[in-house]
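# Residue-level structure breakdown
Next come the chains, spelled out residue by residue.
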Amino acid sequence: MSTTVWAGKFLTVETEGTWEYAERRGQIAAAVIVAIDAGDVILVEQFRVPLGRACLELPAGLVGDETAGESVAVAAGRELEEETGYRAAAIEDLGLFYSSPGMTSECFTLVSATGLTKVGDGGGDGDENITVHRVPLTDIPAFVAAKREAGVAIDAKMLLILAGSIL
């Protein structure tokens, strides 16, 4: 049986035996989007407070944080457009994954977004200040290396693109 040490709007910190871990509150999940168009992958870069610097990532967002019962596909489409300015004709569920199971119960559904149409500038909402990158898949290793050299953090999910495991 776990004990709640702290509870915020979206997270709790729990203890169980010698374990300490973070847990998502309620039914809120996450969607991570692999958006590929004409041989290019759409990436986002944004400042992440826990890291104290910008981070290069796949577009992503919460599912059900604004509308209870929201589907992963609807949330992924909304987040893709909000963050990148691209709308997808199709979103395919690629499975459920756990981000860091030794530290958090958080999970995400990986989706593929295809048939992209540019409908806006992206950049996120409010104070997100997201920079959108459209990078040829063949240039990804050099692009990631240059970003790392410039001091940008690299999200672990970028390994999917670097390894080519879903392409």
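Each remark here, short or long, concerns the structure printed above.
No experiment lies behind these values; they were computed from the predicted model shown.

Thresholds applied
- Residues numbered from 1 in each chain as written.
- Predicted model: local features only at pLDDT ≥ 70, side-chain atom pairs only at ≥ 80, totals over all residues.
- Heavy atoms only, no water.
- Helix = DSSP H or I, 4+ residues; strand = E, 2+ residues; numbered from the N terminus.
- Rg over C-alpha atoms; globule rule 2.2 N^0.38 Å.
- Buried < 20%, exposed > 50% of the residue type's maximum accessible area, 1.4 Å probe, protein only.
- Contact = heavy atoms within 4.5 Å.
- Pairing = 2+ DSSP bridges.
- Salt bridge = Lys/Arg side-chain N within 4 Å of Asp/Glu carboxyl O.
- Patch = residues over 30% accessible without salt bridge, like charges linked within 9 Å, V, L, I, M, F, W, Y side chains within 5 Å.
- Areas by Shrake-Rupley, 256 points an atom, 1.4 Å probe, with all protein chains shown as cover.
- Core = buried A, V, L, I, M, F, W, Y, C linked by side-chain atoms within 4.5 Å.
- Polar contact = N/O pair within 3.5 Å; in protein donor to acceptor, adjacent residues only side chain to side chain.

Further remarks concern the overall build of the protein. Per the secondary structure count, the protein includes three helices and 11 strands. A globule of 167 residues ought to have a C-alpha radius of gyration of about 15 Å, and the protein, at 16 Å, matches this closely. Each of the three principal axes of the protein carries a C-alpha extent, and together these read 50 × 35 × 30 Å. Residues counted as buried form 36% of the 167 residues belonging to the protein. Look at the contacts in the protein between residues 6 or more apart in sequence, and 60% of them connect residues 24 or more apart.

The next point concerns the pairing of strand β9 (residues 107-118). As paired elements, strand β4 (residues 29-37) and β9 share five bridges and run parallel to each other. When the sheet's bridge partners are listed, Val32 is paired in β9 with Leu110. Here 11 bridges tie strand β8 (residues 86-98) to β9, and the two strands are oriented antiparallel to one another. Within β9, the residue paired with Gly95 across the bridge is Leu110.

In the structure shown here, the tally under the stated rule is nine salt bridges. For Arg24, the salt bridge identified is with Glu106, shortest N-O distance 2.7 Å. Linking Arg24 in strand β3 (residues 19-24) with Glu106 in the loop between β8 and β9, this pair joins segments that are 82 residues apart in sequence. With relative accessibility at 21%, the residue Arg24 sits in the partly exposed group. Taking relative accessible area as the criterion, Glu106 reaches 23% and is therefore assigned partly exposed. Ionic pairing is found between Glu57 and Arg48, a salt bridge with its closest N-O pair at 2.8 Å. For Glu57, a relative accessible area of 6% translates into the label buried. Residue Arg48 is classed as partly exposed on the basis of its relative accessible area, which comes to 33%.

For the rest of this paragraph, the subject is a nonpolar patch on the surface. Judged by side-chain polarity, Val5, Trp6, Leu11 and Val13 come together as a nonpolar surface patch covering roughly 350 Å² of accessible area. Contributions of two or more residues to the nonpolar patch are made by β1 (3-7) and β2 (11-16). Along the chain, the position of Val13 falls in strand β2. Overall, Val13 belongs to the partly exposed group, its relative accessible area being 31%.

Let's shift gears to the pairing of β1. Here four bridges tie β1 to β2, and the two strands are oriented antiparallel to one another. Bridging from a neighbouring strand, Ala7 pairs with Thr12 of β2. Counting the residues in the hairpin turn of β1 and β2 gives three residues.

The subject of this paragraph is the nonpolar core. Core analysis: the biggest nonpolar cluster contains 18 residues, and Leu43, Leu56, Leu58 and Ile140 have the highest contact counts within it. Put simply, the parts of the chain that give this core at least two residues each are β4, β5 (40-48), β9 and α2 (140-149). Not counting chain neighbours up to four residues away, the residues in contact with Ile140 comprise Val41, Leu43, Val135, Ile161 and Leu162. Judged by nonpolar contacts, the second largest core, of 12 residues, contains Leu80, Val111, Ala113 and Leu116.

Attention now moves to the side chain of Glu70. Secondary-structure assignment places Glu70 in the loop between β7 (60-63) and α1 (72-84). Of note is the side chain of Glu70, whose polar atom sits 2.9 Å from the side chain of Arg78. The residues touching Glu70, leaving out its near neighbours within four places in the chain, are Leu62, Val63, Gly64, Ala75 and Arg78.

Honestly, that's just the spatial picture; any functional story needs more than this.
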